[in-house]
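Spelled out from the first residue to the last, the chains are:
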Amino acid sequence: MGEDGNWGQGGLKTGFYSSSCPKAEEIIRATVEAHFNKDPTIAAGLLRLHFHDCFVQGCDGSILITGASGERNALPNLGLRGFEVIDDAKTQLEALCPGAVSCADILALAARDAVVLSDGPSWAVPTGRRDGRVSSKAEASNLPSPTDSIAVQRQKFIAKGLDNHDLVTLVGAHSIGQTDCLFFRYRLYNFTTTGNADPTINQAFLPQLQAICPKDGDGSKRVALDKDSQFKFDASFFKNVHDGNGILESDQRLLGEAATGRIVQNYAGSIRGLLGLRFDLEFPKAMIKMSGIEVKIGAQGEIRKMCSKFN
């Protein structure tokens, strides 16, 4: 199967479905595009779904399982969206190639398609993941959180085989998408317990944020994570962090730590010629690395008939 592909991380390879379901990637791409055309914010949702899947039990579709004790019901996952896109693609694939394409691979491919539709880079996604048979709400409590210190963020990424470079690069996914006032409002008011805002927030940006998220206002109000181009996948997110215009504390903190700060500055284009890292080249590499975390192949997993429940 897929003998024209290149074997990559963890026994995955590009073009895995070239003989078992040759139209698989095309169908997923068309499905993502149809949903994206109705609602462009779904792109960030799909990218985030893949991240959250990979960080718990590896990239095995465990995030998709419904049921009270599943990952989907853990606190950090309550805001996830895009499940209907994955289900839609799966329904079409089952009709065409029953039992061939895993939900875990649909997630990995849809994440790439979401980036491409947002004018970001494309890459060949290694495939061949099987779907896991475990989805535990308790395990999802250790996902990276917006209030994590850099030390904790690094530790969570290192545990998955990802380094500082991967951490900063993958956080660049915040180039698209939104968050709720609830997750950063504490930075705007009594952050220092003396009634001041977080001093790392740009003074010119602070009143704008306070206007959108008043102290006792609606916590579910949405705010773009990249104030300049929330629907375009680009490096402007890093320019914003560099200028003190990051929204989440965990994003803004990346600048203040030497090892991660250098990478942020580099992507922001503020260290000319030092390493000349280009976000659009580095992001695909980091995604391929992340999408290989603890993958299950062959008999280690199954191909679900429905993404939301085990066979």
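Residues numbered from 1 in each chain as written. Predicted model: local features only at pLDDT ≥ 70, side-chain atom pairs only at ≥ 80, totals over all residues. Heavy atoms only, no water.

As for the state of the cysteines
Each disulfide is one covalent bond, formed between the sulfur atoms of two cysteines. Tallied over the entire structure, the rule returns four disulfides. At a sulfur-sulfur separation of 2.1 Å, the disulfide partner of C54 is C59. Residues C54 and C59 are joined through a disulfide that is right-handed, its torsion about the S-S bond being 120°. Note that C181 is cross-linked by a disulfide to C213, the S-S spacing being 2.0 Å. Note on the C181 and C213 pair: the S-S dihedral is about -75°, so by sign convention the disulfide is left-handed. In this pair, C181 is assigned in the loop between β1 (178-180) and α7 (206-212) and C213 in the loop between α7 and β2 (222-224), connecting sequence segments 32 residues apart. Judged by its relative accessible area of 0%, C181 falls in the buried class. Across the chain, the way the bonded cysteines pair up, counted in sequence order, is 1-4, 2-3, 5-8, 6-7. (Disulfide = S-S within 2.5 Å. Helix = DSSP H or I, 4+ residues; strand = E, 2+ residues; numbered from the N terminus. Buried < 20%, exposed > 50% of the residue type's maximum accessible area, 1.4 Å probe, protein only.)

Overview of the pattern of salt bridges
Evaluated as defined, the whole model comprises 20 salt bridges. Taking the shortest distance from any N to any O, the salt bridge between K156 and D148 comes out at 2.9 Å. As far as burial versus exposure is concerned, K156 and D148 are alike and both buried. Residues joined by salt bridges that share partners form a network here, namely E25, R29, R112 and D113. (Salt bridge = Lys/Arg side-chain N within 4 Å of Asp/Glu carboxyl O.)

Focus on the nonpolar core
Among the nonpolar cores identified, the biggest contains 73 residues, and L47, I86, L170, F283, M287 and M290 are the most heavily contacted of them. It is helix α4 (residues 103-117) that contributes the most residues to this core, nine residues altogether. Look past the residues within four positions of L170 in its chain and what remains in contact with it is F51, F157, L162, F283, A286, M287 and M290. Listed in part, the 14 residues of the second largest apolar core include Y189, I201, F205 and L206. (Core = buried A, V, L, I, M, F, W, Y, C linked by side-chain atoms within 4.5 Å. Contact = heavy atoms within 4.5 Å.)

Details of the confidence of the model for the chain
Taken as a whole, the chain shows an average pLDDT of 93; of its residues, 95% reach a score of 70 or greater. Per-residue pLDDT stays below 50 along residues 1-7; that stretch engages in 21 contacts with residues further than four places along the chain or on separate chains. (pLDDT = per-residue confidence, 0-100.)

Describing the packing of helix α2 (residues 42-54) against helix α11 (residues 279-290)
Where α2 meets α11, the axes come as close as 10 Å, and the angle between the chain directions of the two elements is 40°. In terms of their interaxial angle, α2 and α11 are classed as oblique. Residues L47, H50, F51 and C54 of α2 touch α11, and the partners they reach there are F283, M287 and M290. (Axes fitted to C-alpha atoms, helices over the stretch in contact; angles between N-to-C directions. Parallel < 35°, antiparallel > 145°, perpendicular 65-115°, else oblique.)

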